[in-house]
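# Summary of structural features
What follows is each chain in one-letter form.
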Amino acid sequence: MVIIILIISMGISVSACKNTISESSLFDRSKVTIQNVKQVKTGDINWNLLSVDDLGTQISNDAGAIYPATTGKFIFVSFSVENIGTDTRTLYDLKVIDDKGRIYSICNQAYGYLGPNYSACSLVDIIPDTKPQEFSATFDVNLDSKGLILEFTDLLTPPKEMAYVDLGL
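Below: a short report on this structure. What you see is a predicted model; the values in this text were computed from it and never measured.

Moving on: the nonpolar core. In this structure, Trp47, Val77, Phe79, Leu91, Leu94, Phe139 and Leu150 are the most contacted members of the largest nonpolar core, which totals 27 residues. Where this core is concerned, the elements lending two or more residues are β3 (45-56), β6 (72-83), β10 (124-126), β11 (133-142), β12 (149-153) and β13 (162-166). With residues near it in sequence (within four places) discarded, Leu94 still touches Trp47, Phe79, Tyr104, Ser105, Ile106, Phe139, Leu150, Glu151 and Phe152.

Let us now look at the pattern of salt bridges. Taken as a whole, this structure holds five salt bridges when the rule is applied. In this structure, Asp44 and Arg89 form a salt bridge, with 3.7 Å as the shortest nitrogen-oxygen distance. With Asp44 in the loop between β2 (39-42) and β3 and Arg89 in strand β7 (residues 89-91), the pair connects residues that are 45 residues apart, well separated along the chain. Asp44 sits in the partly exposed class, given a relative accessible area of 30%. On the basis of relative accessibility, which here comes to 11%, the residue Arg89 falls in the buried class. Between Arg102 and Asp144 there is a salt bridge, with its nearest N and O atoms 2.7 Å apart.

Conventions used here
Residue positions within a chain follow its written sequence, with the count starting from 1. Local features in this predicted model are restricted to residues of pLDDT 70 or higher, and side-chain atom pairs are both shown and tallied only at a pLDDT of 80 or more, whereas totals for entire chains, interfaces and linings draw on every residue. Side-chain calculation: all heavy atoms of the structure are included, whereas hydrogens and water are not. What makes a nonpolar core is a set of buried Ala, Val, Leu, Ile, Met, Phe, Trp, Tyr and Cys residues whose side-chain atoms join them at distances within 4.5 Å. Relative accessibility thresholds used throughout: buried, under 20% of the residue-type maximum; exposed, over 50%; partly exposed, between the two (1.4 Å probe, protein chains only). A run of DSSP states H or I qualifies as a helix once it reaches four residues; a run of E qualifies as a strand once it reaches two. Both are numbered from the N-terminal end. Residue contacts are counted whenever heavy atoms from the two residues lie within 4.5 Å of one another. By salt bridge we mean one thing: a side-chain nitrogen of Lys or Arg within 4 Å of a carboxyl oxygen of Asp or Glu.

Shown next, in the form of structure tokens:
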């Protein structure tokens, strides 16, 4: 099981800053309800969108090393998640979807450039009956992306419940 998780993690980190689907198989946003809220519940998981920022086309660390966006620009999202169920769930990834239906996964490469206050959210266990945990995620999206929404799930594999929250960008 550990080997499978490591393989998934390596696959996510290699491809995390690129579109996750081809232009020919875009996400159909007309089939989902997009909510203009900060808090949603998906199954036994409570989500709270704390902040959203457009970081531009590059980020840098305290030492001055610059990491340019490979797709276009970086979007930084802070959120909290709470498991009110009885089983531990694992947060593998989040998805941002633009107005054209392009899907973006977390850009894991950005973690090393955002400093010690950045709480990575890939491969994290969300334990039941604990206070909400706060995390941050960075997405590398196309420059022409607008109408961005964030997909929150019940953290089941595959998910049974999903909620789509407007990021205001």
